[in-house]
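Chain by chain, the residues:
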Amino acid sequence: MPRAQVNGADLYYEVAGEGEPLVLVHGSWTDHRSWSPVVPALAASYRVVTYDRRGHGRSTAPAGAGSRTQDEDDLAALVERLDVAPAHVVGNSFGASTALGLAARRPEWFRSLVAHEPPLLETVAGDPELEPLMREMQGRIDAVVDSLRAGDDRGGAYRFVEEVALGPGMWEKLTDAVRDTFIANAATFSDEQADPHWAGLDLTGVSAFAAPVLLTYGTESPPWFPRIVGKLDDTIPHAQVRTFNGAGHVPHSTHPEQYVATVRGFLAGSR
């Protein structure tokens, strides 16, 4: 199994296809397999790299609290180790936050950047319409973390799916493999939440990012995601915005054909 030792972490990765390098960065609770619905189509035109972020899937990490900055540094180190810099980088959710955070600090690693619904809540803090909704959601997330810190990974994963991510009744609709993945990666979510900077972004740094940028959100997602994307669009002068109609937080899983067409169209136009 291909692995890379970077920054004290042992990262599992896979490579498919040939062409310009395209690195896919997954979100919380999951691993590189979340990209499986779109990898074959993307690999027809690109050298696609998927990997498990530290503490997820087959990747390991040193004991103790981590940070999103470490995930950003891991991404840079992996791109360097595989000799694929600069690369097109596509991130979803926390993976999108990771990619944007690195772009603000080390833009030289990027050919382009695609970010779907980064949960950068600090960028819209103080919005009077969103604050009551975000307080309610934060209460649900806190309850999930309480379950995880009490050692109830299955209960925390269940609450996250039912009360935060997908909605009531969805846990039973997931396959056993997907439920097992959520449970296996539960502890890392608690670690992410402990990072005081997980929801922020250096807006000044990212405003200077010169490579092409595509920001996306789904029409079925919570209302703070379009606002976050709007804030980033205002911050990055040349950014483009696309909407996935009928999709939510993971369009690469629920609407793979639409997702691939959007990403490939953007990448082709960014050359």
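Our subject is the structure listed above.
None of the values given here were measured: they were computed from a predicted structure. (Residues numbered from 1 in each chain as written. Predicted model: local features only at pLDDT ≥ 70, side-chain atom pairs only at ≥ 80, totals over all residues. Heavy atoms only, no water.)

1. Focus: the overall build of the protein
- When helices and strands are tallied, the protein shows eleven helices and eight strands.
- Taken along its principal axes, the extent of the C-alpha atoms in the protein is 45 × 45 × 35 Å.
- With 271 residues in all, the protein has 54% of them scored as buried.
- A separation of at least 24 residues holds for 75% of the contacts in the protein among residues at least 6 apart in sequence.
- Element-wise, carbon and sulfur atoms account for 50% of the exposed surface of the protein, whose accessible area totals about 11500 Å².
- A distance of 3 Å separates the average location of the 23 positive side-chain charges in the protein from that of its 36 negative side-chain charges. (Helix = DSSP H or I, 4+ residues; strand = E, 2+ residues; numbered from the N terminus. Buried < 20%, exposed > 50% of the residue type's maximum accessible area, 1.4 Å probe, protein only. Contact = heavy atoms within 4.5 Å. Areas by Shrake-Rupley, 256 points an atom, 1.4 Å probe, with all protein chains shown as cover. Lys, Arg positive; Asp, Glu negative; His and termini not counted. Charge placed at Lys NZ, Arg CZ, Asp CG, Glu CD.)

2. Description of the nonpolar core
- The biggest cluster of nonpolar side chains holds 66 residues, and the ones touching the most others in it are W29 and L113.
- Of the residues forming this core, the biggest block, seven residues, is contributed by helix 3 (residues 94-105).
- Not counting the four nearest positions on each side in its chain, L113 is found in contact with V89, A99, L100, A103, F209, P212, V213, L214 and F266.
- Grouped together as the second largest cluster of nonpolar side chains are 19 residues, W35, L42, Y259 and V260 included. (Core = buried A, V, L, I, M, F, W, Y, C linked by side-chain atoms within 4.5 Å.)

3. Structural notes on the sheet that holds strand 1 (residues 3-6)
- What the eight strands build is an open sheet, ordered 1-2-4-3-5-6-7-8; its pairing is mixed. The two strands at the open ends of the sheet, each matched to only one other strand, are strand 1 and strand 8 (240-244). The mean inter-strand angle of the sheet, taken between neighbouring strand axes irrespective of direction, is 25°.
- In this sheet, strand 6 (residues 110-116) lies alongside strand 5 (residues 87-92) in parallel orientation, the contact comprising six bridges. (Pairing = 2+ DSSP bridges. Axes fitted to C-alpha atoms, helices over the stretch in contact; angles between N-to-C directions.)

4. Re the packing of helix 4 (residues 131-149) against helix 7 (residues 186-193)
- Helix 7 packs onto helix 4 with a crossing angle of 125° between their chain directions and a minimal axis gap of 9 Å. Here helix 4 is positioned oblique relative to helix 7, judged by the angle of their axes. Of the two elements, helix 4 crosses helix 7, and the hand of that crossing is left-handed. Residue-level inspection shows Q138, I141, V144, V145, L148 and R149 of helix 4 in contact with helix 7, the latter providing A186, F189, S190 and Q193.
- Each residue belonging to the contact of helix 4 with helix 7 can be placed in one class, and the counts come to six nonpolar, three polar and one charged. (Parallel < 35°, antiparallel > 145°, perpendicular 65-115°, else oblique. Left-handed = near helix turned anticlockwise from the far one by under 90°. Nonpolar A, V, L, I, M, F, W, Y, C, P; charged D, E, K, R; others polar.)

5. Details of unusual backbone geometry
- With omega at -10°, the peptide bond leading from A85 into P86 counts as cis.
- Relative to the elements of secondary structure, P86 occurs in the loop between helix 2 (68-81) and strand 5.
- Unlike most non-glycine residues, D83 shows phi in positive territory, near 60°.
- As for its placement among the helices and strands, D83 is situated in the loop between helix 2 and strand 5.
- In this structure D83 comes out as exposed when scored by relative accessible area, which is 67%.
- Positioned with a positive phi, S93 is a non-glycine residue whose angle comes to about 55°.

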